[in-house]
Amino acid sequence: MTPFENVPVGRFHRRLVISAGSGQFSDGFSIGIIAIALSLAKEPLGLSGWWMGALGASTLFGLFFGSLIAGSITDRYGRRPMFNWGMLLFTIIAVMQYLSPSAQVLFAARFLLGVILACDYVACKAMVTEYSPSRNRGVNLSILALSWTSGYLCSFIAGYVVRSGGPEAWRLALLASAAPSFIAFLLRCRIPESPLWLAHKGRMEEARGVVSKYIGPGISLPAVDQFHVVVSQSAARLFKPPLLKNLVVGCVFYASQVIPLFALGTYLPIVMANLGLGDGYTGALVYNILFWLGALIGPFIIDRMPRRKLLVGGFVVMATLLAILIGWRAAPALVTVSLFAAFAFVLSVAGILQFVYPPELFPTELRARGLGATLAFSRFGTASSTFVLPAVVEGYGVSAALGFCMVVMIFAAVVCYAWAPETLRKPLE
């Protein structure tokens, strides 16, 4: 019989990746659109600097709190419930944003959206990881990263188009995220449960039935006779050797990549304007295009380069680019935009690891909880930094914000160089 992890990529694998990618596109779109929506809603809603920060960070706070429960729910009840139904809840909340009569209601809607996104991140990554043949796992997960980045870019383009639509333009920008999320729900609603999760729960016949029906006959579950029934695995194992070191690496690298992504990206037009680049929209659009191009090459390099090399090298290059931006404040506008674009490109290439690396750091019975823990830590850092960034820029200048991001990059490079394990082509536990 052909081992499950060595099967050729078939129609079902492609369907799974497309359905998962459609959800990640929706996630990226909904998070990215707030950058334009905030700049458009500032006057109609009379937003103060405090409310700008609160709304910018609201989804990230929701992601943090959602991450605290997403892992346990997904490990206990399976990957399928949230993977299949999360996008429908997402669509409903997206419509709530359009109907928001005040900043307070909009904050609540964005917070709830973040909770749903947290559950989807965990379920989506676990599902694709556990269905993918080992030689295609990196490529499949990197396609999710490309999908997320494509959604993020498209949100900025959509916002760029509607920004001249009057005082209600911000509502239309936020409502636009309902369309891709509903399409994702339709694509996902018939995807079955992960056979690897079923096997670890002792539900062998169900697992074999899923494999036979959706993957093909004559395919065995990986090491099926060695599986043990997992009734309850304590999350405390994550905080003990040998998993503790993996957990620290996952938390540090993930947070360090997404802090500049969200803290700078959420207020990108404002940051660009503070650097003397006009209204900031054109420079921000260039930034996002390069960010997308970086994700585009991800699937071509992810399994050709050791995980550690991409991880540590990415942080070193990004820290260097930020140092140049901080030190050369009088640089011509073209140079400044080019440096930001180069930073976005490297951040996006290295950011492929956010989808590929964390699922490989944890065993199956604790994978969702490990993903939830790394996601919670990263979103707490990004929510906090996104919340305070407008005040930092206003009080200390944009160089202070860039300097903070540079220190984060250097710290992450040191931690990952010391502790990050190599997981390229290693079988899942």
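Residues numbered from 1 in each chain as written. Predicted model: local features only at pLDDT ≥ 70, side-chain atom pairs only at ≥ 80, totals over all residues. Heavy atoms only, no water.

## Thoughts on empty space enclosed by the protein
Think of a ball as big as a water molecule: rolled over the atoms, this probe shows where empty space is left.
Thinking step 1. All told, the structure shown has 4 cavities of 30 Å³ or more when counted by the stated rule.
Thinking step 2. Taken together, 18 residues make up the lining of the largest cavity; nearest its centre are Trp148, Leu261, Gly351, Gln354 and Phe355.
Thinking step 3. Among the secondary structure elements, those contributing two or more residues to the lining of the largest cavity are α4 (103-131), α5 (137-162), α10 (243-265), α12 (281-301), α14 (333-351) and α15 (353-360).
Thinking step 4. By residue number, the principal contributor to the lining of the largest cavity is α10, which donates 4 residues.
Thinking step 5. Residue classes in the lining of the largest cavity are distributed as 12 nonpolar, 4 polar and 2 charged. (1 Å grid on protein atoms, 1.4 Å probe; cavity = no way out; pocket = protein on both sides within 12 Å on 5 of 7 lines; lining within 4 Å. Points joined across faces, edges and corners; volume = space filled by probe spheres on them. Helix = DSSP H or I, 4+ residues; strand = E, 2+ residues; numbered from the N terminus. Nonpolar A, V, L, I, M, F, W, Y, C, P; charged D, E, K, R; others polar.)

## Looking at the nonpolar core
One broad trend across soluble globular proteins is that nonpolar side chains are buried collectively.
Thinking step 1. Formed by 105 residues in total, the largest nonpolar core has its most connected members in Trp148 and Phe315.
Thinking step 2. When residues of this core are assigned to their parent elements, the largest contribution, 14 residues, is made by α4.
Thinking step 3. If near-sequence neighbours (up to four positions away) are discounted, Phe315 is found in contact with Phe253, Ser256, Gln257, Met409, Ala412, Ala413 and Cys416.
Thinking step 4. If you look at the next biggest cluster of nonpolar residues, it comprises 19 residues, including Phe29, Leu40, Leu47 and Leu174. (Core = buried A, V, L, I, M, F, W, Y, C linked by side-chain atoms within 4.5 Å. Buried < 20%, exposed > 50% of the residue type's maximum accessible area, 1.4 Å probe, protein only. Contact = heavy atoms within 4.5 Å.)

## As for the pattern of salt bridges
Thinking step 1. Following the criterion strictly, the structure yields 12 salt bridges and no others.
Thinking step 2. Notably, a salt bridge pairs Asp120 with Arg188, separated by 2.5 Å at the nearest N-O pair. With Asp120 in helix α4 and Arg188 in helix α7 (residues 178-188), the pair connects residues that are 68 residues apart, well separated along the chain. Here Asp120 matches Arg188 in class, with each residue buried.
Thinking step 3. Here Glu360 makes a salt bridge to Arg307, at a shortest N to O gap of 3.0 Å. With Glu360 in helix α15 and Arg307 in helix α13 (residues 307-327), the pair connects residues that are 53 residues apart, well separated along the chain. The pair Glu360 / Arg307 is uniform in exposure class, with both members buried. (Salt bridge = Lys/Arg side-chain N within 4 Å of Asp/Glu carboxyl O.)

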